Each structure stands twice: as structure tokens, then as C-alpha cells.
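Chain residues, written in single-letter form:
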Amino acid sequence: MEESTSKEANTVRSLNFIEEIIEEDLRMGKNECRVHTRFPPEPNGYLHIGHAKSICLNFGLAKKYNGKTNLRFDDTNPVKEDIEYVDSIKEDVKWLGFDWEDREFYASDYFEQLYEFAVILIRKGKAYVCDMSAEEMSESRGTPTRPGRENPYRNRTIEENLDLFTRMRAGEFPDGAKVLRAKVDMASPNMHMRDPVIYRILHTSHHRTGDKWCIYPMYDFAHGQSDSIEKITHSICTLEFEVHRPLYDWLIQEIGIYAPRQIEFARLNLSYTVMSKRKLLELVQEKQVRGWDDPRMPTICGLRRRGYTPESIRNFADLIGVAKRDNVIDISLLEFCIREDLNKRAMRIMGIINPLKIVLDNYPDELVEEMAAVNNPEDPSAGSRKVPFSKELYIEHEDFMENPPGKFFRLAPGREVRLRSAYIIKCESVTKDPVSGRILEVHCSYDPATKSGMPESNRKVKGTLHWVSVKHAITAEIRMYDRLFMVESPDNAEEGKTYKDFLNPDSLEIKTGFIEPSVRNAIPGQKYQFERLGYYSVDYDSTPDKLVFNCVVPLKDSWSKKEKTK
RNA sequence: UGUCCGAUGGUGUAACUGGCAACACGUCUGCCUCUGGAGCAGAAGAGUCUAGGUUCGAUUCCUAGUCGGACAACCA
């Protein structure tokens with residue numbers, strides 16, 4: 001005991017590289033020793049498990065160092081954004097268990113300020129209005145290995161630029177006619193420094209600012225400054241923004257405002273799924289799945305609907321760690337997290353998915369007994385419930401074999417087996433369809449002395465089966481899910497193939513199950529362990545008349561695994 | 001043929017900042033069990049991309065190379 005506590009005390013968890021940077025900054029007394037992070041989504045899609053990693057990171061860091069985290073929407077592109085997405089993002093962050101308090105911000109809140117920043121740049125001769133078309137611009141920008149060319153508009157006077165930019169804002173020019181560019185260095189080895197566009201004309205109304213603006217800042221001109229305005233101390237983002245950092249630094253330096261410290265980490269990849277907003281959107285639009293919250297989707301709302309808990313996702317985010325190298329996390333780690341959580345909390349019930357009828361020949365025809373069943377062996381406080389037992393029962397079809405192999409511990413002719421929370425039964429005979437040879441029902445005898453809880457019930461038998469009384473069972477729709485893709489990395493498609501070629505045609509299987517009556521009033525979101533099968537969550541489609549369950553994750557099954565590897 | 005970033009078991013992350021590699025998932029044994037779940041006990045699995053160098057000593061530092069990733073949207 002003492003040893004174990006001292007062992008735990010000695011296991012000081014090592015810091016990840018971001019925590020190391022933060023602690024170093026704290027030691028140096030930077031930012032008055034504040035830690036202030038932010039989660040900055042663009043409201044143009046639903047959040048997925050990769051965002052969950054970032055959310056847990058940002059909010060977790062602030063919590064650890066007594067700081068704050070803002071929720072800020074980087075809503076600089078009205079053509080792709082929508083209020084639907086901001087609502088879903090807020091819901092998802094909240095559901096994950098994080099609170100941004102009163103700090104819900106929008107880059108669009110800063111449009112006026114950003115405009116002023118642009119004017120500062122123009123006045124300093126560090127920005128100019130450019131009339132080139134997108135094609136011309138891309139042509140003159142060069143390539144990563146070849147420097148770009150300077151263009152004639154680069155040398156417009158400050159006065160002319162000021163005038164033109166004012167008229168851009170006033171709506172004098174059509175979309176695409178002009179842009180405002182930062183004047184940095186057309187020969188920079190970093191493409192982002194080759195006079196990047198910082199404002200474009202878009203006569204599109206914005207979900208928050210309406211028609212107030214017809215010019216909108218580019219992300220690169222809004223993101224860093226927004227962090228600066230919010231006095232973010234550590235701007236944590238994914239690796240692909242590493243090359244943008246010199247631009248952000250340049251902008252902030254030239255404008256002369258507070259400089260946050262940007263730290264980049266590797267985004268999450270999960271095996272057997274895709275993680276890009278674009279691809280997830282395609283799956284939704286092409287109806288490959290039933291929507292953003294389809295339980296097969298790696299979206300947060302999909303995982304929620306599937307039956308994942310916020311705790312399990314937070315724990316997952318914790319276990320995967322943070323680093324800069326590319327990674328692909330095995331989906332089995334996510335599954336481990338939800339099993340671990342639900343094992344401690346989910347009520348156990350009995351349900352049959354592939355029914356096989358058994359008849360207890362020596363059981364009184366009309367008798368119904370109420371069997372006491374433990375709700376959760378992991379949690380004594382969960383109590384117990386009554387489950388009706390009668391002469392005719394359903395068991396799982398896979399739990400019976402006529403000619404079983406060696407290590408089969410379940411029901412077979414002449415064999416005894418325990419019915420969970422009930423009696424030990426013995427298989428006496430099998431009735432088959434004379435034509436097809438299919439097993440119709442199995443006849444058994446029960447041993448009245450072995451009722452669960454009774455003194456003589458301790459007899460050891462090899463197997464225990466779950467069951468449900470035929471006349472008391474309620475039916476339910478059971479949605480079984482398999483991985484969405486058949487290969488580990490659907491993104492790495494060989495020539496001529498796309499991730500969609502690897503979609504698993506059997507990722508959804510709908511079955512009708514027979515469930516014990518105690519769950520009749522189950523409400524959507526309620527989670528259960530169907531004993532010996534897996535964890536199931538009541539779907540939103542469920543009604544009192546028609547229960548619908550989602551299989552969250554099956555229980556580990558060392559028997560079927562052994563069979564499969566044979 | 002550029003710039004930046006990275007490289008540790010099947011996977012992910014560590015290694016107290018130079019002292020012969022740890023934790024978790026997964027895998028495999030055994031025990032236990034009225035869930036073949038859970039739990040318990042144990043095992044296998046990397047000598048840290050390569051080659052040099054510094055050092056008594058390198059996963060940690062230096063150099064060169066190899067491999068992988070990111071970057072050429074009026075997207076974010």
C-alpha cells in the first residue's frame with residue numbers, strides 16, 4: 001500500500017513540449033506570468049475528434065496554469081460560413097466539458113480594428129493595392145523553388161493606395177477587381193512572404209456583420225492580430241501554420257502591437273477514418289453517411305450520438321499526448337477509452353441480437369419468476385433490478401453449437417450452462433426444420449436448486465449465457481457499426497484511387513433485438529452494457545414505441561478472436 | 001530541386017536535460033470470474049533513421065546524408 005502510493009508520487013508525469021515552453025516563459029516572468037489560450041475555429045463545418053484534441057489542449061493548459069481560454073470564431077470568409085456551424089461548435093465545446101465564460105469572440109468583432117491596421121501598413125508603405133487578376137498573381141508569385149517577380153502596382157504611392165483602399169471599402173469595385181497586399185518580399189523562400197493578399201473584395205453578406213462590409217481580411221491578416229488583440233500568450237495551432245508564423249510576426253511587428261507566442265503541434269490522425277473537413281463534408285453531401293452526426297463519423301456530434309462520453313474523449317486526448325511528429329493513432333485506443341469509462345458507469349442489461357429459442361421442458365408452463373440481476377458489478381451502489389424468467393427464452397444464436405470444438409464453453413447437446421442471474425440448464429435435444437436442417441429450438445431442463453443466490457447455486461459450470469424471456473421481451477432496433485473505411489489510412493490512396501474507394505459497404509448493419517423489459521422507458525443518450533455483447537446507447541431516433549440502440553463498442557471477445565485467428 | 005519541420009517497439013508518448021530505453025494501447029500466457037467482460041500476475045516486442053565527430057560515456061550535443069511531412073487559394 002505504502003509502496004504503491006510512493007510509487008505514484010514518484011511518477012511525476014513529464015511535461016509535453018508545450019508545457020515546457022510555458023513553464024519556461026513563466027520562469028522568465030513573461031506576460032506578467034499570465035497564461036491565456038484560445039480555441040479559434042472557423043464556423044464552416046462541424047468539429048471532429050481532431051478539434052477535440054486542440055480543445056482539450058487549449059482549455060487544459062489554461063486550467064493547469066490558472067489561466068483563461070477564449071472561444072474565438074475566425075469568421076473572415078462569409079461565403080463559407082454559417083450560423084449553423086457556430087451553434088454546433090458551441091454545443092460541442094460545452095458538451096466536452098469546457099467553459100469559455102464570457103469570452104466568446106469573433107474575428108468579425110475586430111473588422112474595424114483590422115481595417116485600421118491595414119491603413120497603418122499602407123501609411124508605412126508596407127501595403128499596396130494590386131489590380132492583378134488571381135491568375136496573374138499566382139503566375140508572378142513564382143514557385144517554392146523559384147522566386148516571384150515584383151509587379152508594377154507595388155510602387156503605387158501611399159496616397160493612391162489610401163484612396164484606392166478607401167474606395168474598395170466603399171464598394172466602388174466589383175469582386176476580384178483589386179486586393180490589398182502586404183509589401184514584404186517577392187523573392188522570399190517562404191511563399192507566404194511574397195506579398196500576401198490581406199484584403200479582398202467580397203460583396204457577400206456576413207452572418208454577423210450583415211452588409212456592413214464588402215471587403216474582408218484574409219485569415220492570415222486576422223488570426224495573428226486577433227490573438228494579439230485578445231492578449232493571447234500562447235497561440236497553439238497545428239503544424240501547417242508553422243510557415244505562416246514569419247508573416248504573423250512581420251505583421252505584428254510592423255503594426256506595432258502585442259506579440260503572442262505561436263506554438264505548433266501535430267494534428268491528430270485516426271486509423272480507419274478521415275479527418276479533413278472537406279472530406280467529411282463530402283461524405284455528408286453525397287449521403288455516404290446519414291449526416292454530420294452519423295455515429296460512424298469522427299465528428300464530435302457523431303461520437304456523441306454513437307454513445308461516447310465527454311470523459312472518454314478527454315481521457316483519450318490526454319493519452320495520445322502532444323508532439324510535432326506526424327502520427328496515426330490506432331482506433332483501438334479510442335475504443336479502450338470508452339470501454340474503460342462505460343465499464344464503471346453503464347447499467348448492465350440483457351438483450352439478444354441473434355435469437356435462438358430455448359424451451360425449459362421441466363419448467364411450469366405458466367410460471368413467471370422475477371430474477372434479481374445486479375445492475376453493475378463494478379458499482380455496488382447501482383443496485384439490482386428484476387428480470388422476468390419463464391419457460392421459453394431467447395439466447396444468442398452463437399451461444400449454441402451442435403458439434404462444438406474443444407474450448408467452446410457454451411451450450412451444446414448434453415452440456416450444462418448457467419443462465420445469468422437465473423438457473424443452470426442442460427441441453428437435452430434440438431428441434432430442426434426437416435427441410436432446411438435449420439435449428440428451430442433447443443430443449444433444455446433446468447435445475448431448480450441452482451437458482452441464482454440460493455445455497456445450492458454455487459455449482460461451477462464453464463459458461464454463463466445471457467437470455468431474455470420470450471413473452472416479456474421487447475423488440476428494439478439495433479444499429480451495429482463497423483469502421484467507416486476498410487483500410488488503415490484511407491487518405492493515402494494509391495494512384496487512381498481516392499479515400500472514397502475504401503468506404504466500408506458494411507459499416508452499418510441494422511438488426512432487431514429482443515431486450516429485457518426493464519429498459520422500456522430508456523431515454524435517448526442513455527447508455528447500457530448489454531451483458532457479454534457490448535455497450536449500447538439509446539439513439540435520438542428512439543421513441544417509447546420503438547426503441548433504437550447504437551452499438552458504441554463491442555466488449556472484448558477473446559473467444560471469437562481465438563476462433564478468427566485459427 | 002528552395003525554405004521550414006520531424007525521425008525512439010505494431011501504435012502513441014517518455015527518458016529528471018549526457019549515465020546503456022519507461023508508460024499506455026495492442027499482442028500473447030496464466031490466475032480468477034454467475035459477463036470467455038472487468039480484475040490480477042506475467043511475457044514478448046525498440047538498442048533510439050544512417051555515417052562520422054565531441055565525450056570516460058550520446059536517444060539526448062555537432063556535421064553531413066537518408067527518409068517523411070508542410071508550403072505556390074482573392075480558403076482556413
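Residues numbered from 1 in each chain as written. Chains lettered and ligands numbered in written order. Predicted model: local features only at pLDDT ≥ 70, side-chain atom pairs only at ≥ 80, totals over all residues. Heavy atoms only, no water.

A. The protein's contact with RNA strand B, seen in detail. The environment of RNA strand B is formed by 66 residues, the closest being R348, F409, S452, Q529 and K561. At the protein interface, 64% of the atoms of RNA strand B within 4 Å belong to sugar or phosphate. Within the side chain of H244, a nitrogen or oxygen atom sits 3.3 Å from a base nitrogen of RNA strand B. Here a base nitrogen of RNA strand B and a side-chain polar atom of R410 are 2.7 Å apart. Those elements that provide at least two residues to the surface near RNA strand B are α6 (134-140), β6 (197-201), α13 (331-345) and α14 (558-565). Of the residues forming the surface near RNA strand B, the biggest block, 4 residues, is contributed by α13. Classifying every residue of the surface near RNA strand B by side-chain character gives 24 nonpolar, 18 polar and 24 charged. (Near = heavy atom within 4 Å. Polar contact = N/O pair within 3.5 Å; in protein donor to acceptor, adjacent residues only side chain to side chain. Helix = DSSP H or I, 4+ residues; strand = E, 2+ residues; numbered from the N terminus. Nonpolar A, V, L, I, M, F, W, Y, C, P; charged D, E, K, R; others polar.)

B. Region of interest: unusual backbone geometry. Even without being glycine, N31 reaches a positive phi, approximately 50 degrees. Structurally, N31 can be placed in the loop between α2 (17-27) and β1 (36-39). Look at E32: it is not a glycine, yet its phi comes out positive at around 50 degrees. Checked against the element boundaries, E32 lands in the loop between α2 and β1.

C. Geometry of the sheet that holds strand β5 (residues 179-182). One open sheet holds the 4 strands; their spatial order is β4-β5-β6-β7, and the pairing between them is antiparallel. Each of the sheet's edge strands pairs with one partner strand only, and the pair in question is β4 (127-130) and β7 (215-217). Across the sheet, the axes of successive neighbouring strands diverge by a mean angle of 20 degrees, strand direction being ignored. Bridge analysis of β6 against β7 gives 3 bridges, and the strand direction is antiparallel. Bridge pairing in β7 places R200 opposite Y216. (Pairing = 2+ DSSP bridges. Axes fitted to C-alpha atoms, helices over the stretch in contact; angles between N-to-C directions.)

D. Up close: the pattern of salt bridges. In total, this model carries 55 salt bridges according to the counting rule given. A salt bridge links D293 to R305, with the shortest nitrogen-to-oxygen separation between them at 3.3 Å. Of this pair, D293 sits in the loop between α10 (277-285) and α11 (300-306) while R305 sits in helix α11, placing them 12 residues apart in sequence. On the basis of relative accessibility, which here comes to 13%, the residue R305 falls in the buried class. Where E477 meets R479, a salt bridge forms, and the shortest distance between an N and an O atom there is 2.8 Å. The burial state of E477 is the same as that of R479; both residues are buried. (Salt bridge = Lys/Arg side-chain N within 4 Å of Asp/Glu carboxyl O. Buried < 20%, exposed > 50% of the residue type's maximum accessible area, 1.4 Å probe, protein only.)

E. Fine view of helix α9 (residues 245-255). When α9 is considered as a whole, its buried residues turn out to be L247, Y248, W250, L251, I252, E254 and I255. Residues of α9 that are buried make contact with α5 (111-123), β5, α8 (219-229) and β9 (261-265). Just past α9, the residue G256 takes up positive phi, approximately 80 degrees. (Contact = heavy atoms within 4.5 Å.)

F. Seen up close, the sheet that holds strand β16 (residues 416-419). Judged by pairing direction, the sheet is mixed, and its 7 strands sit side by side in the order β19-β16-β17-β18-β12-β15-β20 without closing on themselves. Edge positions in the open sheet fall to β19 (464-465) and β20 (467-469), since each of these has one partner strand only. Relative to β20, strand β15 (residues 392-396) is paired through 3 bridges, and the arrangement is antiparallel. Bridging across to β20, L393 finds its partner in S469.

G. Here's a closer look at the nonpolar core. I49, I55, V93, L270 and F316 are the most contacted members of the largest nonpolar core, which totals 37 residues. Taken together, the elements giving at least two residues each to this core come down to α3 (49-64), β2 (68-73), α4 (83-96), α11, α12 (310-320), α13 and β25 (547-554). Setting aside residues up to four positions removed in sequence, F316 forms contacts with I49, L268, L270, I329, L333, L334 and C337. Counting 32 residues, the second largest nonpolar core, distinct from the first, contains M168, F173, Y199 and L247. (Core = buried A, V, L, I, M, F, W, Y, C linked by side-chain atoms within 4.5 Å.)

H. Spotlight on the pairing of β16. With 3 bridges connecting them, β16 and strand β17 (residues 424-432) associate as antiparallel partners. Each residue of the ladder has a partner; that of V417, found in β17, is I425. Hairpin connection, β16 to β17: the antiparallel pair is bridged by 4 residues, and S421 has positive phi, about 65 degrees.

I. Up close: empty space enclosed by the protein. Applying the stated criterion across every chain yields a total of 1 cavity of 30 Å³ or more. By volume, the largest cavity amounts to about 100 Å³. In terms of lining, the largest cavity is formed by H223, G224, D227, S235, R245, Y248, D249, I252, A259, P260, R261 and Q262. Of all the secondary-structure elements, those providing two or more residues to the lining of the largest cavity are α8, α9 and β9. A per-element tally of the lining of the largest cavity places α9 first, with 4 residues. (1 Å grid on protein atoms, 1.4 Å probe; cavity = no way out; pocket = protein on both sides within 12 Å on 5 of 7 lines; lining within 4 Å. Points joined across faces, edges and corners; volume = space filled by probe spheres on them.)

J. A look at the pairing of β9. Counting buried positions along β9 gives 4 out of 5 residues, so the element sits mostly inside the fold. Sheet topology places strand β8 (residues 234-238) next to β9; 5 bridges connect them, and they run parallel. When the bridges of β9 are listed, C237 appears paired with E264.

K. Seen up close, the packing of aromatic side chains. Tallying each qualifying case throughout the model produces 23 aromatic pairs. For the pair Y219 and F241, a centre-to-centre distance of 5.5 Å together with 40 degrees between the ring planes defines the contact as tilted. With Y219 in helix α8 and F241 in the loop between β8 and α9, this residue pair connects regions lying 22 residues apart in the sequence. Ring centres of Y528 and F549 lie 6.3 Å apart, and the angle between their planes is 65 degrees; this geometry places the pair in the edge-to-face category. Taken as a pair, Y528 in strand β23 (residues 527-530) and F549 in strand β25 lie far apart in primary sequence, 21 residues in all. Look at F549 and you get buried, because its relative accessible area is 0%. A network of ring pairs unites the aromatic residues F111, Y115, F165, Y199, W213, Y216 and F221 as a single cluster. (Phe/Tyr/Trp six-rings, centres within 6.5 Å; stacked < 30°, edge-to-face > 60°.)

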